[in-house]
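Chain residues, written in single-letter form:
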Amino acid sequence: MLNWMTAGESHGPSLVAIIDGFPAGVEVTHETLRSALARRRLGYGRGARQKFEQDEIRILSGVRHGVTLGSPIAVEIKNTEWPKWEKVMSADPVSREDLLIDAGTGDEREIARNKPLTRPRPGHADLAGMAKYGHEDARNVLERASARETAARVVIGALCEALLAQAAGIRLVSHTLQVGGARVPEGAVLPTPADAPALDDDPLRCFHAASSKAMVAEVDAAKGDADTLGGIVEVLAYDVPVGLGSHTQWNRKLDGRLAQAVMSIQAMKGVEIGEGFANAGRRGSLAHDEILSGGHGPAGTRRASNRAGGTEGGISNGEIISVRGALKPISTVPRALRTIDTVTGAEATANHQRSDVCAVAPAAVIAEAMVAITLAEALLEKVGGDSVGEIAPRVEAIRTCAETSGAGAA
């Protein structure tokens, strides 16, 4: 069983990613993780922070000479801005004098970033978190609620993608379907894992050239209006074997687990598997994927379509897994939305922290990481095994058994 977690604040000394139960024999290096984090920093409409945020990483345990050991893996992602925040975010008490600029010169100005944030942003965790934990300063909430935390998730996702590829031949790719009002047309060609470099080179991680240009125009317009944009991303998982997940219990359903994983990403407000929302408006005769003979699916079948997104009854059915997530516009809006000051109760405008205009492109990469983690969990539950050497033949046996019997069991 995989167990993982992240720790750290946005402006703390570092983020930490920890995963336990990860099999031995998976080939990974620092460069594997750096490449994944570099993809997370890409995207038109990103803020200034991405230009100097280098994601300095250090594998602390669980890997030796480029191969995982089967022991817990811990990875540190250092915050290159930490020297500017060391006093403000100190774990130990800090004297008032240490938080003043030019102390002793008569100009006792408090370090601006240390001043309590008491004007919560609509759409952010600020106000709800302050109420839940009894904080008077929104910084105590936003530092952990920040999407910066997803850097640690991307690290764990990169490890899981390596496991999926090396042990089971499963490969993932993510792309952008919509930014603001610009959307890729229905029926457009889907990217494959081989198209990942082209997606990395696109300003908004879009596989449809005309739509990409329209998305860039949407971002430019929002920036000119001091506003922000959301959108829709899609993760596709190829060559997923039949039988991951189960219909037998609510918390074993693969589609439900994928939905929860993607919904947990900061600012994500909607998830669909396959064409879930479009299917809601179709008649049954047009919504389901007809079963035909002459393929490599269960009992030698193939599907006439993949509207179900690769799952039926909470179980992978051998088709491409498709998960889409709808990202709301970033809640730090430059034009500043109405709020109140939680100390005085007076009407005010929301605090404006440095942020992006549009974070849809990196959200695709983050969603890819969450899908990879979920599929890795489901794969290990299905086949077990402590090493790639044990897992790979078991996956192959499942594929063979599914084709010949339709049972998907081994």
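Summarised in this report is the structure supplied together with it.

Conventions we followed
Residues numbered from 1 in each chain as written. Predicted model: local features only at pLDDT ≥ 70, side-chain atom pairs only at ≥ 80, totals over all residues. Heavy atoms only, no water. Pairing = 2+ DSSP bridges. Helix = DSSP H or I, 4+ residues; strand = E, 2+ residues; numbered from the N terminus. Axes fitted to C-alpha atoms, helices over the stretch in contact; angles between N-to-C directions. Contact = heavy atoms within 4.5 Å. Left-handed = near helix turned anticlockwise from the far one by under 90°. Nonpolar A, V, L, I, M, F, W, Y, C, P; charged D, E, K, R; others polar. Core = buried A, V, L, I, M, F, W, Y, C linked by side-chain atoms within 4.5 Å. Buried < 20%, exposed > 50% of the residue type's maximum accessible area, 1.4 Å probe, protein only. Salt bridge = Lys/Arg side-chain N within 4 Å of Asp/Glu carboxyl O. Arc of directions from axis to C-beta. Phe/Tyr/Trp six-rings, centres within 6.5 Å; stacked < 30°, edge-to-face > 60°. Lys NZ or Arg CZ within 6 Å of the ring centre and 35° of its normal. Parallel < 35°, antiparallel > 145°, perpendicular 65-115°, else oblique. Expected span 1.5 Å × (residues − 1).

Our focus in this paragraph is the sheet that holds strand 1 (residues 3-7). Strand order in the open sheet formed by four strands is 1-2-6-3, and the pairing between neighbours is antiparallel. Two strands in the sheet have a free side with no partner beyond their single neighbour: strand 1 and strand 3 (56-61). Neighbouring strand axes in the sheet, compared pairwise and without regard to direction, differ in orientation by 15 degrees on average. Judged from the five bridges that link them, strand 3 and strand 6 (residues 73-78) form a sheet pairing that is antiparallel. Its bridge partner being in strand 6, Ile59 is matched across the sheet by Val75.

Spatially, 10-9-11-17-12 is the arrangement adopted by the five strands of the open sheet, whose pairing is antiparallel. At either end of the open sheet lies a strand with only one pairing partner, and these are strand 10 (182-183) and strand 12 (268-273). Across eight bridges, strand 9 (residues 171-179) lies against strand 11 (residues 231-238) in antiparallel orientation. From the neighbouring strand, Val179 faces strand 11, where its bridge partner is Gly231. Strands strand 12 and strand 17 (321-327) of the sheet are contacted by helix 9 (residues 254-263), whose axis makes an angle of about 155 degrees with strand 12.

With that out of the way, let us pick up the packing of helix 9 against helix 12 (residues 360-383). Packed helix pairs are characterised by how far apart their axes lie and by the angle those axes make with each other. Following both chains from N to C, one finds helix 9 and helix 12 inclined at 145 degrees, their axes separated by 9 Å at the closest point. Of the two elements, helix 9 crosses helix 12, and the hand of that crossing is right-handed. Together, Leu254, Arg257, Leu258, Ala261 and Val262 of helix 9 and Met370, Val371, Thr374, Leu375, Glu377, Ala378 and Glu381 of helix 12 make up the contact between the two elements. Of the residues contributing to the contact of helix 9 with helix 12, the split by class is eight nonpolar, one polar and three charged.

All right, on to the nonpolar core then. Phe22, Cys160, Leu172 and Leu375 are the most contacted members of the largest nonpolar core, which totals 80 residues. Sequence-distant contacts of Cys160, defined by excluding residues within four places in its chain, comprise Leu2, Ile19, Phe22, Ala372, Ile373 and Ala376. Of all hydrophobic cores here, the second largest spans six residues; its members include Trp85, Met89, Leu99 and Ile111.

Let us look at the pattern of salt bridges. Under the defined criterion, the tally for this structure stands at 19 salt bridges. A salt bridge links Arg148 to Asp55, with the shortest nitrogen-to-oxygen separation between them at 2.9 Å. Here Asp55 lies in the loop between helix 2 (49-52) and strand 3 and Arg148 lies in the loop between helix 5 (139-145) and helix 6 (150-168), a separation of 93 residues in the sequence. An identical accessibility class is assigned to Arg148 and Asp55; each is buried.

Three or more residues of helix 4 (residues 126-133) are buried, namely Asp126, Gly129 and Met130. One side of helix 4 carries all its buried residues, which in axial view fall inside an arc of 100 degrees. Projecting away from the buried face of helix 4 at angles above 90 degrees are the exposed residues Ala128, Ala131 and Lys132. Where helix 4 is buried, its residues meet helix 5. Where helix 4 ends, the next residue or the one after it, Gly134, has phi of about 75 degrees, a positive value.

All right, on to the pairing of strand 2 (residues 14-20) then. Pairing geometry for strand 1 and strand 2, over five bridges, is antiparallel. Looking across to strand 2, one finds that Trp4 is bridged to Ile19. Hairpin geometry of strand 1 and strand 2 is characterised by an intervening segment of six residues between the two adjacent antiparallel strands and by a positive phi of about 120 degrees at Gly8. By the bridge criterion, six bridges tie strand 2 to strand 6 in an arrangement that is antiparallel. Bridging from a neighbouring strand, Ile19 pairs with Ile73 of strand 6.

With the rule as written, the count across this model stands at zero aromatic pairs. Over the face of the ring belonging to Tyr133 we find Lys132, whose NZ or CZ atom lies 5.3 Å from the ring centre.

Turning our eyes to something else, we now look at the packing of helix 1 (residues 30-41) against helix 6. Taken N-terminus to C-terminus, the directions of helix 1 and helix 6 make an angle of 130 degrees; their axes are 9 Å apart at the nearest point. When the axes of helix 1 and helix 6 are compared, the pair comes out oblique. The handedness of the crossing between helix 1 and helix 6 comes out as right-handed. Residues Thr32, Leu33, Ala36, Leu37 and Arg40 of helix 1 touch helix 6, and the partners they reach there are Thr150, Ala151, Val154, Val155, Ala158 and Leu159. For the contact of helix 1 with helix 6, the per-class residue count stands at eight nonpolar, two polar and one charged.

To continue, consider unusual backbone geometry. Even without being glycine, Ala299 reaches a positive phi, approximately 55 degrees. Along the polypeptide, Ala299 turns up in the loop between strand 13 (291-293) and strand 14 (301-303). For Ala336, which is not glycine, the phi torsion reads 65 degrees and is therefore positive. Here Ala336 is to be found in the loop between strand 17 and strand 18 (338-340).

For helix 12, with 24 residues, the first-to-last C-alpha span of 34 Å sits near the 34 Å given by 1.5 Å per residue. Where burial is concerned, most of helix 12 is hidden: 22 out of the 24 residues are buried.

Before going further, it helps to examine the side chain of Arg39. Tracing the chain through its elements places Arg39 in helix 1. Beyond its immediate sequence surroundings of up to four residues, Arg39 is in contact with Ser174, Asp200, Arg205, Val365 and Glu368.

Among the structural elements, Glu9 can be located in the loop between strand 1 and strand 2. Remark: the alpha-carbon pair of Glu9 and Ala145, spanning 136 residues in sequence, is separated by 8.2 Å. Not counting residues up to four positions away in its chain, the partners in contact with Glu9 are Ser14, Leu15, Met89, Glu143 and Arg144.

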